Amino acid sequence: ERVPARSPAGASKQDVRQRVWDHLEASGLAACPRPVHGRIPNFQGSHQACCSIRELDAFHKANEIKVDPDKPLEGVRLAALQARKTLLVPTPRLRTGLFNRIVPPPGATKEMLRICATSQGVKDFSVPIGLDGKARVDLVVVGSVAVSEKGWRIGKGEGYADMEYAMMVSMGAVQKDTPVITIVHDCQVVDFAEELLDDHDLTVDYILTPTRTIKTNCKRLKPQGIMWHKAKKTHFKIYFPSFFFFLQVSYEMLQKIPILKSLRYREKQAGKDVTLKDEHPDLANATKPTALNEKAMAENTRPQAATGSAQTGQQYVETNSLSPRLEESGTLTTVYVGNIPASTRVSELKSALREFHATPLRLNWQGAQHRAFLDYKDKATAASAVSSLQGLSLGGKTLRVELAKNQRNKG
């Protein structure tokens, strides 16, 4: 049973999505979570469709598989775990990083593997993988709302699958020939006008349904990285080198996804031009501390800050003029920053803190112990800093950023 005929002339992507969602609900094919509207829809027969991935040579050859966290892909996650593949699952909305690697407990039974493949299992049995993780993804599995036999894909409209793929390219985690698979009901395989596709849209190489395995032989190109200077100040675009294709993403999304900010910062540190279009080049490297922290962390406020090599190992404290009332009130909240490489200078950390608008009132640098402590005026400000700094890497290592132990149970 299929969504009726071809999409009418003038239909938008949202029109196609709406027809598919409506049809799944009206025909009784929709499965929990319901309603399927606004989601990558789960459907009756999704497990059967997922099981057919075992028949693909691409699955057998793959050692590391990235599978989206959507409910209809649960069977693929289970198949990967049962086959002892390395399973990577993107973190929801990329809020805390890019990937989680699913690590079942030692001696996991079949039932335990089933639990690990669920959304709750992904939360309970996972290890985060940052930008500097040595991931090498051999197979990518994404959900779809609609897909054509030519491999053209329509997601739920938020652009995360496209973004995740482009970021994997920037990490070196995928190659241009890495296969992409989607799992859908037969009724989700529909014809729609090629004009609906944007140049950035991720395409698929295989479509698995409860009754069919479709090899699309799609010729459209996939994302190949990020070119920041092609973006306007209010948005940026994913860039496909030498092909001049772009993905527009809101500037608001850049602020909400710490790992995306970290990727931009890492490429800036590597010497790449990350200036957004219509943004003055000086602003790309400038800092914008909040009014409260305007004077905090000023360069050369301590003799140690001016001595280059001393910054890597020696301990020193740099502080803004703290009000005695504030310091004695007990409201200051401390953030722990660990896994700092031995070669990192305190000036590099200060620069990153300013870049991510996470400038503290006081910085206690303990380079010899590969750590630092940051004091903020209250818990809310500290929590915001922790969120902003997630995924930040310096010197080739992803930093560990969290509330200091003595702060975690306060309040």
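Right above here is the structure, for reference.
Residues numbered from 1 in each chain as written. Predicted model: local features only at pLDDT ≥ 70, side-chain atom pairs only at ≥ 80, totals over all residues. Heavy atoms only, no water.

Draft legend 1. Quick look at the overall build of the chain. Helices and strands together make up the secondary structure of the chain, namely 14 helices and 19 strands. Here the chain, with 411 residues, has 51% of them falling under the buried criterion. Taking the contacts inside the chain whose residues are at least 6 apart along the sequence as the reference set, 66% of them involve residues at least 24 apart. For the chain, the computed accessible surface area is about 18,900 Å², with 49% contributed by carbon and sulfur atoms. (Helix = DSSP H or I, 4+ residues; strand = E, 2+ residues; numbered from the N terminus. Buried < 20%, exposed > 50% of the residue type's maximum accessible area, 1.4 Å probe, protein only. Contact = heavy atoms within 4.5 Å. Areas by Shrake-Rupley, 256 points an atom, 1.4 Å probe, with all protein chains shown as cover.)

Draft legend 2. View of the environment of Arg153. Checked against the element boundaries, Arg153 lands in strand β7 (residues 153-154). Accessibility expressed as a relative area gives 9% for Arg153, which makes it buried. For the pair formed by Arg153 and Leu197, sequence separation is 44 residues and the distance between their alpha carbons is 8.3 Å. Side-chain polar atoms of Arg153 contact the backbone oxygen of Gly143, separated by 2.7 Å. Within polar-contact distance, the side chain of Arg153 engages the side chain of Ser144 at 3.2 Å. (Polar contact = N/O pair within 3.5 Å; in protein donor to acceptor, adjacent residues only side chain to side chain.)

Draft legend 3. Focus on the pattern of salt bridges. Taken as a whole and assessed by the stated rule, the structure comprises twelve salt bridges. Where Glu111 meets Arg114, a salt bridge forms, and the shortest distance between an N and an O atom there is 3.7 Å. Linking Glu111 with Arg114, this pair stays in helix α5 (residues 110-117), spanning three residues, or about one helical turn. The class of Glu111 is partly exposed, set by a relative accessible area of 48%. Across the pair Arg400 and Glu402 runs a salt bridge whose closest N-O atoms are separated by 2.9 Å. For Arg400, a relative accessible area of 44% gives the class partly exposed. (Salt bridge = Lys/Arg side-chain N within 4 Å of Asp/Glu carboxyl O.)

Draft legend 4. Here's a closer look at the side chain of His185. Position of His185 relative to the elements: it lies in the loop between β8 (180-183) and β9 (206-208). There is a polar contact of 3.0 Å between the side chain of His185 and the backbone nitrogen of Cys187.

Draft legend 5. Fine view of the sheet that holds strand β3 (residues 99-102). With mixed pairing, the eight strands of this open sheet are ordered in space as β4-β3-β2-β1-β5-β8-β9-β10. On the outer flanks of this sheet lie β4 (126-129) and β10 (213-215), each paired with one strand and no other. Averaged over all pairs of adjacent strands, the angle between their axes in this sheet comes to 25°, without regard to strand direction. Relative to the sheet, helix α4 (residues 74-82) contacts β1 (64-67), β2 (86-90), β3, β5 (139-143) and β8, its axis offset from that of β2 by approximately 150°. (Pairing = 2+ DSSP bridges. Axes fitted to C-alpha atoms, helices over the stretch in contact; angles between N-to-C directions.)

Draft legend 6. Local environment of α5. Among all positions in α5, only Leu113, Cys116 and Ala117 are buried. The buried residues of α5 occupy an angular sector of 100° when projected down its axis, which confines them to one face. In this structure, the buried side of α5 is in contact with α4, β3 and α6 (119-124). (Arc of directions from axis to C-beta.)

Draft legend 7. Broad picture of helix α13 (residues 346-355). Most of α13 is tucked away: seven of the ten residues are buried. Every buried residue of α13 is listed here: Val346, Leu349, Lys350, Ala352, Leu353, Arg354 and Glu355. His357 sits one or two residues past α13 and shows a positive phi near 55°.

Draft legend 8. Just the packing of α4 against α5, in detail. One can describe the packing of α4 onto α5 by two numbers: an axis separation of 8 Å at closest approach and a directional angle of 135°. Compared by their axis directions, α4 and α5 come out oblique. Where α4 crosses over α5, the handedness of that crossing is right-handed. Contacts between α4 and α5 involve Glu74, Arg77, Leu78, Leu81 and Gln82 from the first element and Leu113, Arg114, Cys116 and Ala117 from the second. A breakdown of the residues in the contact of α4 with α5 according to their chemical character gives five nonpolar, one polar and three charged. (Parallel < 35°, antiparallel > 145°, perpendicular 65-115°, else oblique. Left-handed = near helix turned anticlockwise from the far one by under 90°. Nonpolar A, V, L, I, M, F, W, Y, C, P; charged D, E, K, R; others polar.)

Draft legend 9. Summary view of the environment of Ala135. When you line up the elements, Ala135 lands in the loop between β4 and β5. It is 8.7 Å that separates the C-alpha atoms of Ala135 and Met168, two residues lying 33 residues apart in sequence. If sequence neighbours within four positions are ignored, Ala135 has contacts with Glu64, Leu88, Phe99, Gly172 and Ala173.

Draft legend 10. Just the packing of aromatic side chains, in detail. Tallied over the full model, the rule gives two aromatic pairs. Between Trp152 and Phe192, the ring centres sit 6.4 Å apart and the planes meet at 55°, which makes this aromatic pair tilted. Here the residue Trp152 occupies a position in the loop between β6 (146-147) and β7, and Phe192 occupies one in the loop between β8 and β9, the gap between them amounting to 40 residues. Take Trp152 and Phe192: they sit in the same class, and that class is buried. Look at Tyr336 and Phe373: their rings are 5.7 Å apart centre to centre, the planes differ by 55°, and that puts the pair in the tilted class. Here the residue Tyr336 occupies a position in strand β14 (residues 333-338), and Phe373 occupies one in strand β16 (residues 371-376), the gap between them amounting to 37 residues. Under the relative-accessibility criterion, Tyr336 is labelled buried at 18%. Above the ring of Phe59, the side-chain terminus of Lys85 is found at 5.1 Å from the ring centroid. (Phe/Tyr/Trp six-rings, centres within 6.5 Å; stacked < 30°, edge-to-face > 60°. Lys NZ or Arg CZ within 6 Å of the ring centre and 35° of its normal.)

Draft legend 11. A look at unusual backbone geometry. The omega angle of the peptide bond from Cys32 to Pro33 is 5°, so this bond is cis rather than trans. Locating Pro33 in the fold gives a position in the loop between α1 (13-26) and α2 (46-51). With omega at -10°, the peptide bond leading from Arg34 into Pro35 counts as cis. Mapped onto the elements, Pro35 comes out in the loop between α1 and α2. Although it is not a glycine, Asn217 sits at a positive phi angle of roughly 55°.

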